Amino acid sequence: TSQNGPVLSCCWHNDGNSVFSAGCDNQAKRWDLATQQSVQVAQHDGAIRHCCWIKDMNMLVTGSFDKTMKYWDLRQQTAAFSHQLP
């Protein structure tokens, strides 16, 4: 599986074996570098312009042009928290 549009942001997972990518297809994906496989881990209503792995929280944070910032616990399929931006 790949991103279905331009990638706007990427970041490393602290395990050193995977990378997150996010972009214009409104999705963020986690890429396992050993297997070269990906899994969707986040979804927005607009392009995701930034993603960041927060090691201390064990969460991926995404910010989107849909004016939301979401916190993703990768053990869940929906955002653990969503904040509407002005």
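Read on for a plain summary of the structure.

Calculation criteria
- Residues numbered from 1 in each chain as written.
- Predicted model: local features only at pLDDT ≥ 70, side-chain atom pairs only at ≥ 80, totals over all residues.
- Heavy atoms only, no water.
- Helix = DSSP H or I, 4+ residues; strand = E, 2+ residues; numbered from the N terminus.
- Contact = heavy atoms within 4.5 Å.
- Pairing = 2+ DSSP bridges.
- Axes fitted to C-alpha atoms, helices over the stretch in contact; angles between N-to-C directions.
- Core = buried A, V, L, I, M, F, W, Y, C linked by side-chain atoms within 4.5 Å.
- Buried < 20%, exposed > 50% of the residue type's maximum accessible area, 1.4 Å probe, protein only.
- Salt bridge = Lys/Arg side-chain N within 4 Å of Asp/Glu carboxyl O.
- Disulfide = S-S within 2.5 Å.

**Notes on the environment of Pro 6**
Phase 1 of the analysis: Mapping Pro 6 onto the fold places it in the segment before β1 (7-12).
Phase 2 of the analysis: Separated by 45 residues in the primary sequence, Pro 6 and Cys 51 place their C-alpha atoms 14 Å from one another.
Phase 3 of the analysis: With residues up to four places along the chain from it excluded, the contact list for Pro 6 reads Gly 23 and Cys 24.

**Examining the sheet that holds β1**
Phase 1 of the analysis: Overall, antiparallel pairing links the four strands, which are arranged β1-β2-β3-β4 in an open sheet. Every other strand in the sheet has two partners, leaving β1 and β4 (37-43) as the edge strands with one partner each. Each adjacent strand pair in this sheet contributes to an overall mean axis angle of 25 degrees, direction not counted.

**Quick notes on the nonpolar core**
Phase 1 of the analysis: In terms of nonpolar packing, the biggest core is built from 11 residues, these being Cys 11, Phe 20, Ala 22, Ala 28, Val 41, Ala 42, Ile 48, Cys 51, Trp 53, Leu 60 and Trp 72.
Phase 2 of the analysis: Every element with two or more residues in this core is listed here: β2 (18-23), β4 and β5 (48-54).
Phase 3 of the analysis: Ranked by residue count, the leading element in this core is β5, at three residues.
Phase 4 of the analysis: Not counting residues up to four positions away in its chain, the partners in contact with Trp 53 are Cys 11, Trp 12, His 13, Asn 14, Phe 20, Asn 58, Met 59, Leu 60 and Leu 74.

**Observations regarding the pattern of salt bridges**
Phase 1 of the analysis: Scanning the model with the defined rule gives two salt bridges in all.
Phase 2 of the analysis: When the shortest N-O distance is used, the salt bridge between Arg 30 and Asp 15 registers 3.0 Å. Residue Arg 30 is located in strand β3 (residues 27-32), and its partner Asp 15 is located in the loop between β1 and β2; the two are separated by 15 residues in the primary sequence.
Phase 3 of the analysis: Take Asp 15: its relative accessible area is 35%, and that puts it in the partly exposed class.
Phase 4 of the analysis: The closest approach of N and O atoms between Asp 73 and Arg 75, which form a salt bridge, is 2.7 Å.

**Quick word on the state of the cysteines**
Phase 1 of the analysis: This structure, assessed with the given rule, holds zero disulfides.
Phase 2 of the analysis: Not part of a disulfide, Cys 10 finds its nearest cysteine sulfur in Cys 51, a span of 6.7 Å.
Phase 3 of the analysis: Cysteine Cys 24 remains unbridged, with the sulfur of Cys 51 as its closest cysteine sulfur at 13 Å.
Phase 4 of the analysis: For Cys 24, a relative accessible area of 38% gives the class partly exposed.

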